[in-house]
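One letter stands for each residue in the lines below.
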Amino acid sequence: PSVAETRRGFFALSDSGSLFRLSPDERTFFRLDASPPTPDTRDTSAWRFLAGSGEWLLAATDRRVAVRHADAPRWTTLPTALKPRSPELDPIRILSVCPDAEGGFWIGSDAGLGFLHAETGTSQFRERAGTVSVPGGLGIPIAAGMQPTAAAIEAARDRVTDGIRDRMKLRARLARNARESGRPIDSVTPLSRIPSGVRALAMDHGFLWVATADPVFPMRSRILLFHPGSQKWVGWFALGFPVTTLAVDD
């Protein structure tokens, strides 16, 4: 499903996690003498992504990541490398991977934008902005002029009550997480400028292009430009269709 290049050579990844390396004469691939990344019984998805950064490799499924030096005998799994603070965003679903050429990897997911430095194991995570909403009405289309029955009104009231109850439970979970971590956790105040899930990434001479879904209209997109060196956002623009991949030229 994926190929990658490092300073040590060119690699290919199978969906079972087996890693293959291109021979020095560039005529054939040979399987490395190493087992696939350690399986996670909670994650049965296939390995989809492979990226090379400097002398390091990163492999990923929809849910988890593993890293290794290009000359290392085995993978190191990192199950908690990309863990958002907000419990409603966990577990994440990985949608894209992009290397920075210096041993670091940008990882886009439905929960936001993550960064992982393979050699040190350090990571960062920029969560998408959260929203608070309670469902109202019946949850089904109603024809114009139709008068709801007493039972329908009661059902709508129950739906709103259940929605409020679910939000109160989430608020309690956030309070517990904040107390345990010693840091304030607020599901309303944005922690980053990521508006929605990250669908695609591309490095561009020291800048990072980030394609996200539109938070209001999921079939539209926003393209953001980030400068990792200064940790600052440059700007963004909108597109009227979903963007699932990005590429740059010289």
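The coordinates are above.
Residues numbered from 1 in each chain as written. Predicted model: local features only at pLDDT ≥ 70, side-chain atom pairs only at ≥ 80, totals over all residues. Heavy atoms only, no water.

**Side note on the nonpolar core**
Convention followed: What is meant by a nonpolar core is a set of buried Ala, Val, Leu, Ile, Met, Phe, Trp, Tyr and Cys residues, joined one to another through side-chain atoms within 4.5 Å. Burial here depends on accessible area, computed with a 1.4 Å probe over protein chains only, as a share of the maximum for the residue type. Under 20% is buried, over 50% is exposed, and the range in between is partly exposed. Helix and strand definitions here come from DSSP, where helices need a minimum of 4 consecutive H or I residues and strands a minimum of 2 consecutive E residues; each element is numbered from the N-terminal end. Contacts: residue pairs with any heavy atoms within 4.5 Å of one another.
Membership of the largest hydrophobic core comes to 18 residues, with the highest contact counts inside it found for Leu58, Ala60, Val65, Ile94 and Val97. Secondary-structure elements contributing two or more residues to this core are β5 (49-53), β6 (56-60), β7 (65-69), β9 (94-99) and β10 (104-109). Element by element, the count of residues in this core is highest for β6, at three residues. Leave out the neighbours within four places in its chain, and Ile94 touches Arg48, Phe49, Ala60, Thr61, Asp62, Arg63, Arg64, Val65, Ile107, Gly108 and Ser109.

**Here we look at the packing of aromatic side chains**
The description of two aromatic rings rests on the distance between their centres and on the angle between their planes. So the rule is basically this: Two aromatic rings from Phe, Tyr or Trp, using only the six-membered ring of Trp, form a pair when their centres are within 6.5 Å; if the ring planes differ by under 30 degrees the pair is stacked, by over 60 it is edge-to-face, and anything between is tilted. Over a ring means this: the NZ of a Lys or the CZ of an Arg is within 6 Å of the ring centre and within 35 degrees of the ring normal.
Within the structure shown, the criterion is met by four aromatic pairs. Ring centres of Trp106 and Phe115 lie 4.6 Å apart, and the angle between their planes is 50 degrees; this geometry places the pair in the tilted category. The class for Trp106 is buried, based on a relative accessible area of 3%. Exposure remark for Phe115: the relative accessible area of 13% places this residue in the buried category. Measuring from ring centre to ring centre gives 4.6 Å for Phe226 and Trp233, while their planes differ by 50 degrees; the resulting arrangement is tilted. Looking at Arg68, its charged tip hangs above the ring of Trp75, at a distance of 5.2 Å from the centre. Over the ring of Phe217 we find Arg220, and its NZ or CZ is 4.2 Å from the ring centre.

**As for the side chain of Arg199**
Cut-off, in case you're wondering: In this tally Asp and Glu are treated as negative and Lys and Arg as positive; neither His nor the chain ends contributes. For this analysis, a salt bridge means a side-chain nitrogen from Lys or Arg found within 4 Å of a carboxyl oxygen belonging to Asp or Glu. The term polar contact refers here to a pair of N or O atoms within 3.5 Å; inside protein, the definition further demands a hydrogen-donor-capable atom paired with an acceptor-capable atom, and it admits residues adjacent in sequence only when both atoms are side-chain atoms.
In this fold, Arg199 is placed in strand β13 (residues 198-204). At 8.9 Å, Asp214 is the nearest oppositely charged side chain to Arg199, a buried residue that forms no salt bridge. Polar side-chain contacts of Arg199 include one of 3.4 Å to the backbone oxygen of Arg220. In this structure, Arg199 is in contact with Leu95, Ser96, Ala211, Thr212, Ala213, Pro218, Arg220, Ser221, Pro242, Val243 and Thr244, ignoring residues within four places of it in sequence.

**Some details on the environment of Ile153**
Position of Ile153 among the secondary structure elements: in helix α1 (residues 150-181). Sequence-wise, Ile153 and Thr6 are 147 residues apart; in three dimensions their C-alpha atoms are separated by 62 Å.

**Regarding the sheet that holds strand β2 (residues 9-13)**
Rules: Strands pair, by our definition, only if DSSP identifies at least two bridges between them. A fitted line through C-alpha atoms represents every axis, and for helices the fit uses only the stretch in contact; the resulting angles, taken between N-to-C directions, go from 0 to 180 degrees.
One open sheet accounts for four strands, arranged β1-β2-β3-β4; its pairing is antiparallel. If you trace the sheet from one side to the other, it starts and ends with β1 (2-6) and β4 (29-31), each paired once. Recorded for the sheet is a direction-independent mean angle of 30 degrees between the axes of neighbouring strands. Pairing of β2 with strand β3 (residues 19-22), which is carried by three bridges, proceeds in the antiparallel orientation. Residue pairing in the sheet places Ala12 in a bridge with Phe20 of β3.

**Some remarks on unusual backbone geometry**
The phi dihedral of Glu26 is positive, around 60 degrees, even though this residue is not glycine. Here Glu26 is to be found in the loop between β3 and β4. At His205, a position not held by glycine, the phi torsion is positive, near 50 degrees. Within the secondary structure, His205 is located in the loop between β13 and β14 (207-213). For His205, a relative accessible area of 65% gives the class exposed.

**What to know about the pattern of salt bridges**
Applying the stated criterion across every chain yields a total of eight salt bridges. Because the salt bridges share partners, they merge into one network encompassing Arg8, Arg21, Glu55 and Asp71.

**Quick look at the sheet that holds β14**
Strand order in the open sheet formed by four strands is β13-β14-β15-β16, with antiparallel pairing between adjacent strands. A strand with exactly one partner marks an edge of an open sheet, and here the two such strands are β13 and β16 (232-239). Each strand of the sheet is rotated relative to its neighbour by a mean of 20 degrees, with strand direction disregarded. In this sheet, strand β15 (residues 221-227) lies alongside β14 in antiparallel orientation, the contact comprising six bridges. In the sheet register, Ala211 faces β15, and the bridge partner there is Ile223.

**Regarding the pairing of β10**
Of all six residues making up β10, six are buried, and the element is well covered by its neighbours. As defined by bridge partners, β9 adjoins β10 across five bridges and the pair is classed as antiparallel. In the strand pairing of β10, Ser96 is matched with Gly108. The loop that links β9 with its antiparallel partner β10 comprises four residues; one of these, Ala101, has a positive phi angle of about 75 degrees. Where β10 lies against strand β11 (residues 112-117), six bridges are found, and the strand directions are antiparallel. Residue Ser109 lies in a different strand from β11, and its bridge partner there is Gly112. In this antiparallel pair of consecutive strands, β10 and β11, the connection spans two residues.

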